[in-house]
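Coordinate inspection notes
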Amino acid sequence: SYVLGGRGMRVIHGEAMFNQYIDEAIEVSDRHPVLIDRFLGRATELDVDVLCDGKQALVCGVMEHIEEAGVHSGDSACSIPVFSLDPTTVERIRDFSKKLALAFEVKGLLNAQ
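Rules of the game
- All residue numbers refer to position in the chain's written sequence, counted from 1.
- In keeping with the predicted nature of the model, local features appear solely for residues at pLDDT of at least 70, side-chain atom pairs appear and are counted solely at 80 or more, and the whole-chain, interface and lining totals rest on all residues.
- Each side-chain value is worked out from all heavy atoms of the structure, with water and hydrogens disregarded.
- Here's how the labels work: a residue is buried when its accessible area is under 20% of the maximum for its type, exposed when over 50%, partly exposed in between, all with a 1.4 Å probe on protein chains only.
- Helical segments are the DSSP runs of H or I of at least four residues, strand segments are the runs of E of at least two, and each set is numbered from the N terminus.
- Strand pairing requires that DSSP identify at least two bridges connecting the strands.

Brief notes about the pairing of strand β2 (residues 57-65)
For β2, the tally of buried residues reaches 7 of 9 residues, placing the bulk of the element in the interior. In this structure, strand β1 (residues 46-53) lies alongside β2, joined through 7 bridges in antiparallel fashion. Note that in β2 the partner of Asp 49 across the bridge is Gly 61. Hairpin connection from β1 to β2: 3 residues lie between these consecutive antiparallel strands, with Gly 54 at a positive phi of about 95°. Pairing of β2 with strand β3 (residues 78-79), which is carried by 2 bridges, proceeds in the antiparallel orientation. Within β3, the position partnered with Glu 64 by the bridge is Ser 79.

Encoded structure:
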């Protein structure tokens, strides 16, 4: 599994913090690239697990991340049931997730985030 940001991930606010981080990253290794990405503030991050045999799909769970979207580096805390979305939105997510699994003819587990 490859997680964006990874172990050395930091949230940077402003040019001074950016320059300091780049200086530290170069000290560790000047041979490897630095990944720069951006996350949405006040976004909701979900994980949806679907089991599918290519013909039928079953949503096993819709989990909502506790921390802000995009700020974890692979280990995160989640809540089942979701705590900030209305039932209509959750049902749409379940429906879209089933449709994705069926459209890709998944045979096994699909994890959508």
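Some words on the environment of Phe 104
The topology assignment puts Phe 104 in the loop between α2 (87-103) and β4 (107-112). Exposure remark for Phe 104: the relative accessible area of 65% places this residue in the exposed category. On a C-alpha basis, the gap between Phe 104 and Cys 52 in space is 10.0 Å, while along the polypeptide they are 52 residues apart.

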